[in-house]
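Now for the letters of each chain:
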Amino acid sequence: MSALANALRRHPEMMVAAVLVLAVVVIGTINPVFWQPSNLFSLMRASVITGILALAVLLVMLSGGIDVSFPAFAIAAMYLTVKAMIAWGFDGVLLPFAMATAIGVGLGLVNAVFVYYLRMIPLIVTLGTGTAVRGFILGVVGTSQINIDQMPPLLINFARGEFFHVTQADGSTAGLSSMVLVYAGIALLVHLMLRYTMMGRSIYALGGGEEAARRVGFNVRRTTFFIYGLAGALAGFAGLLHGAMIWTANPRDMVGLELDVIAAVVLGGASIFGGRGTVIGTVLGVLTLVVITNSLIILGVDTTWQRVVVGLIVIAATAATAWRDRKRIA
Amino acid sequence: MTPPLIELRHIGKSFSAVRALEDVSLTIGRGEIHCLAGENGSGKSTLIKVISGVWQPDQGELLIDGQKMEGMTPRAAIQHGVQVIYQDFSLFGNLSVAENLALSMELQEGRKLVSWRRIRSIAQEAIRKLGVDLDLDALVETLPTAGKQLVAIARALMSDPRLLIMDEPTTALTGREVEALFRVVRDIQSRGIAVLFVSHKMREMLEISERLTVIRSGRVVAAGPISEFDEAAITRAMTGQEIAAEGYRWEGTAGGTPLLEVSGLTIPGQLEDVSLRVMPGEIVGVSGLLGSGRTELALALFGMKHGYQGQVRIDGREVRLDSVQRAIEHGIAYVPEDRLTEGLFLTQTIDRNMLATSYARLSKGGIIQRARAAREAAGMIREMAIATPTGDRPVTQLSGGNAQRVVIGRWLLNDPRLLILNGPTVGVDVGSKAGIHRKIRELARTRGLGVLMISDDLPELVDNCNRIIVLHRGRLVSDTPTEATSEAALSEQLGALA
Amino acid sequence: MSAITQRLRRFDTNLLQLLLLTVLIFAGMAALNPDRFLRPYVFESITFIAPELGLLAIAMMVAMLTGGIDLSVIGIANLSCILAGMFFHWIGGPRGPELVNLPLHTVAAGIGIALGTGMIAGAINGLLITRLRVTPILATIGTGQVFTGICLVLTGGPAVAGFPKLWGQIGNGTAFGIAVPLIVFLVVAALVWFLLSRTAFGINLSLIGTNARAAAFAGLRTGRTVFFSYVMTGVLASIAGILLSGRTNAAKSDYGVSYLLQAVLISVLAGTNPSGGRGSVVGVALALVALMLLSSGLQMMRFSNFLVDLIWGGFLLLSIALAAWRNRVR
C-alpha cells in the first residue's frame, strides 16, 4: 500500500495515465466511433484552451495556492484585444497575441501584489480580482458579442490552420488543428522552465516550504510575482486563442470554466498544498477530462450529465491525492 | 595573536518590552566545539539569529575575525562562513536529496539554469565530504529524521563554512543516532570548522563540547572550558536553582487497589509488554531517551493509540481506552509535550483555554451555563495562581509557566484521577517551575491524584516523584523508588542505554 | 505577543468599524441621490432581497470558522428548491390553480424536502472533509459541481417555474408589516448566533478552528463537530434557496451564481478569519447591510449589475488591503 503511495508521490502522472488509458479503452470499446481520426483530432483540439489554462493553474498550485481568476483574465484579454483591433482597424497575429498576453501579465501581477504583500489566501484574492475584472469588462467595456463578420480575418485564419490530414474510411478528410502544436509548444516551454531553470525549481521550493525557501536564499517575492505573472500571461494568451478558435469574442464566455480546469489539474496529480505536480500530469489530466466529458454523447449519455461527471472526477481525484498525502498532513 | 573567529561584545536585544538578550559576550575560537546551553526561552534562539544576521542587536557589537560587522544580514553571515542548521532543518520534503543539497550552492553561484548532471555531481561531492551514504534520488520527506539531518549538515558544509551552528540537533534522534551525529561533528571539527552546539541536554554538552556558555533569561550566567563544569553545575547555571533536597514522599499503603494498573501493554514497534501500577497519591516519574516509547505510553493511556494490546485497569476495573473521550471518562488527563501546538488555543481567551474540555459538562440541554462556567474558570485561575486580572484576556499574554498552569487547570476542572504530564515545565521560568511542582505534589497528596510525570529533566523527576521508571526501546527496564536512586545514577543508567 | 492581544481587542472594534462603514455608505448614497435613495421602497426591497444572501454569508462564515470554506452553497441552494419545486409539480401539476393552491401540509413537506436536501448535501461535504480528509476547497468545488449537475440533469436546463402561493409567501409575503424573508433571516441568524456563542458545539467549533490539534488533545470530538458544521452550512444554504425560489417563483440550476463571491466577501468583510477560529453573526449582518445599501444605491445611480459586481470585487480586495494595513500599523 505505502509502496504504491510512494510511487504515486514520485510519479504523480502515473495515476492519471492509468485513468486515461482505462477511459479510452472503455469508451472505444463501447463505441468504436471514438477511434475515428476526426473524433480524436477534435478531442485534441478541444483540450487546447483548457490545457493552456491548466498550465496557469498548475503554476499557482505548485506554489501552494489556488487560482479562480483566470477565466475572467482570459476573457478580459481577449475582449479588450479584439475590441482594440476593431477600433484601430488592425489585423494580425503576433501583435494581438502580445497584447493579450501583456494584459494577462498585468492582471496576474495584481494577484501577486495581494498574495505577497497583503498575505491573503490566494483563493479569496483571485475570487475578488476575477469578479472585479469580469464586472469591469461587462460593465465598462461592453456586453455585446463580436461575431465572425467583425472578427479580424487574419486572427481567425491563424486559428483555422491545420497541419496534418488523414483520409478516413468514409472518404472524408480529417485535419488536426495547428493550435495543438501551439499548445504543445507552450506545454514544453513550461515543462522546461519548471525542470531546468532555477526559477522553476524555486516554484517547487516555495511550495515545499516558504520559510525554508527564504532561508536557503530564494527570492520569494520574485518567485511569487513570476508565478502569478506567468499564470496571467498564459490566461491572456489562451483567451485570445479561444476567441480566434471559435470565431467570436463573447465577454460572457468561460463562466464556470475554472472548475473544469482545476479538476483537470488535480486529476493530473498536483497537490493543493503545493510542491507536487508536473506538466505531463497536467496535460494528461486535461486530456482525460476532455475525453470523458466529450465522449458522453457517443456513449449515449445526455450532456446534462457533464457537470456531474466533472464533479465526481474532482472528488475522486482529490480523495486519491488526500490518500496519497495523508501521512504528510497527519 | 589571531583574533577569534566570532566575538560578541555586550550584545543586547529587545522585542517591544521584552529583553531577550542583555549584555551577552561570547567568543568562539577557530575549530572549536562550543556549547550554548540554556533552557527554552532563555534567549538561545535570539542569540543564534543575531550571529547569523537575521536580527540586528540593539546594543553591543559583533566581530568576525576581529573585524567589526555593521548591519549584518543573513547573506553577509553566509559569506563570512556562518551556516545555521535550524531545528526544522529547512529542507524541501517534496524535492530529492540531490536537489536539496545542490540548490543553495546553485543559488549562491547565481545560476539561472539547472543541469541535473551538475546537481548530481554537487550532491555526490557533498555526501562524500561528509562521508555518509544517502540515496540521492529519494524524496527528503521519505527519510527518517536522522537522514534529514545529515542532508542538512551536508548542505551546510558545501559552502565551506567556518562556523556551523546547530540548533538542538539531537532533539528527535535516538541514542545511536546521537552517537553517529557526534562522530560527524568531531569530523567537521577536524577540518578546522567551529561548531556552535545549542542544547539543553547536559550529557551531550559534557561529551561533545570544549567550551560552554550558559545563558539564562537573556544573560550569560556561566562560561568557561567544559572541564570546569559538571552536570550539577550546569543545571544550577541553567535553572538558577539549587537542587532541592526535599523530595516527595508517598504516604499511602502499598496494599490497596491501584489507581492504574497496566499489564502487558504492547503496541507493535512502539511499546513492548509494559506493566506498571500507580497508587492514588503517587507521583511516578517516567524517564527514557527519545524514542524510548514514553510519549507512546502516555498517548496509549490517553486513548490515542487504538489498537493497543494488553490490559489497563482503573481502580481495579478493566477498561478499554480506545478514544480520548473514553480516557477522559475514566478520569485520565494528559498535558501534552508541546504547549504551543498541542496545548493552547493561541488566539482565544484564558477562560476558553481553561474551559476547553469542560463546555459539554457545563451545558444543560446543549446550552452553556455561563455563570457556572465563569465561576469555575475564575476559581481555577485563583487555585492555579495564574497571573492575570481577568480570564477574558488572551492566553498569549501569559508567560510559559502561567500558560502551562492553564493547561493543567483545564484538566483539574474535570476531577481527573490520573494526571499524565509530558514535560510539565519545559519552557517555564524557574520561579514558576517551583510553583507548578508544588501544586502537583499538593494535588497528589491532598486529592489522591495519581501522576505520571514524563521528563528529560532528571532533577525534576528526582525532586518530585516517589518512584521512577525507565523505558528503553518500548520496554520498561527499571522501576525504582526515588530513595534508592539519584540523579547521577539515573543519568548513568540512561547514558549506558544510549 | 502584543500584536495578538490587540487583534483580539480589535474583535469589537471590528464591529464598530463595520457600523461606521454602514453609516458612511448610507450617508454617501443619500447625499449622491437624495430623492431616490431615501424612499421607504428602497429599504423595503432590501428586506426582501438581502436575507437569502445573508443566509449564504452566514453559511460561509460557519465553514470559515473551522478554517474551511464551502463553495457548494449555491449548488445546494438550487438543488434544494428544484427538488421541492419538482415535488410540487408532481403533486399539483406543472401549472394552474391546483399547483398555486397546494395546501399548507404539502408546502411544509416541500420545505422538509428542501431542508433535507441541504442536510444530506452538507453531510456529504462533511464526510468528504472529515472522513476522507479532502481539502474543503476542493471537496466543495467537486460537490458543488455535482449538485449543480444534478440540477441540470433533473431540469434539463430550463427553470422549474411556478410554485405554490404559500411557498411564494415565504419569499414575497409580509407579516406584521415586515418582510417574511427578513423574519426568516432574523430568526435563523439569532439561532446561529446562539448556537455559536452559547452552546458547547459553537465554542468547540471555534476552538477547533483555532487549533485542531490542541482540540484533539483537549478531548474534543473534532471530526464529528466539523461534520455537523458542514451539515449546518448545507441547511443554511437550503433555507437561502427556499427564500430565493419563493421570491422569484422559480428554481434554476444557475440561479444566484454571483452570490458565491458576495457571500465570501461579506464573510471576510465581517471580520471572519478564513484560516479559522474567528467569526461572528453580528458582523455578517452588519457587513450585509453595508453592502446591500451600497449595491442598491449604485443601482439607483443606473449602474449596471456588472458594475455592481466590479465594485463588490473591488470591495473584497479593499477589505483585504485594509486588514493587511491594520496588521502592519500595529
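Residues numbered from 1 in each chain as written. Chains lettered and ligands numbered in written order. Predicted model: local features only at pLDDT ≥ 70, side-chain atom pairs only at ≥ 80, totals over all residues.

*Asks:* What is the right way to read the overall build of chain B from this model?
*Replies:* Within chain B, the secondary structure is distributed over 17 helices and 22 strands. A compact globule built from 498 residues should have a C-alpha radius of gyration of about 23 Å, and chain B, at 25 Å, falls within 12% of that. The C-alpha extent of chain B, read off along each of the three principal axes, is 70 × 50 × 50 Å. By the burial criterion, 48% of the 498 residues in chain B qualify as buried. Taking contacts inside chain B between residues at least 6 apart in sequence as the whole, the part at least 24 apart equals 69%. (Helix = DSSP H or I, 4+ residues; strand = E, 2+ residues; numbered from the N terminus. Rg over C-alpha atoms; globule rule 2.2 N^0.38 Å. Buried ≥ 20, exposed ≤ 12 C-beta atoms within 10 Å, placed from the backbone. Contact = placed C-beta atoms within 7 Å.)

*Asks:* Would you take a moment to explain the interface of chain B and chain A for this structure?
*Replies:* One widely used convention gives an interface's size as the accessible area the parts lose upon coming together. Facing the 18 residues of chain B at the interface are 20 residues of chain A. Of the residues that constitute the side of chain B that touches chain A, the class distribution is 8 nonpolar, 6 polar and 4 charged. (Nonpolar A, V, L, I, M, F, W, Y, C, P; charged D, E, K, R; others polar.)

*Asks:* Looking at this structure, I do not really get the domain arrangement of chain B. What am I missing?
*Replies:* For chain B, the domain assignment lists domain 1 (6-239) and domain 2 (260-497). In this structure, domain 1 of chain B and domain 2 of chain B have C-alpha centres spaced 33 Å apart. (Domains from an automatic or database assignment.)

*Asks:* I tried to follow the interface of chain A and chain C on my own but got confused; where do I start?
*Replies:* Between chain A and chain C, the residue contacts involve 37 residues of the former and 37 residues of the latter. Elements represented by at least two residues in the side of chain A that touches chain C include exactly α6 (122-141), α12 (257-267), α14 (306-324) and α15 (326-329) of chain A. A per-element tally of the side of chain A that touches chain C places α6 of chain A first, with 13 residues.

*Asks:* When you look at the packing of helix α4 (residues 73-92) of chain C against helix α7 (residues 136-155) of chain C in this model, what are you seeing that I'm missing?
*Replies:* Residue and element names in this part refer to chain C. At a minimum axis separation of 8 Å, α4 and α7 run at an interaxial angle of 25°. With respect to α7, the axis of α4 lies roughly parallel. Of the two elements, α4 crosses α7, and the hand of that crossing is left-handed. Listed contacts from α7 to I74, G75, I76, N78, L79, I82 and M86 of α4 are G144, F147, T148, I150, C151, L154 and T155. Partitioned by chemical class, the residues of the contact of α4 with α7 number 9 nonpolar, 5 polar and no charged. (Axes fitted to C-alpha atoms, helices over the stretch in contact; angles between N-to-C directions. Parallel < 35°, antiparallel > 145°, perpendicular 65-115°, else oblique. Left-handed = near helix turned anticlockwise from the far one by under 90°.)

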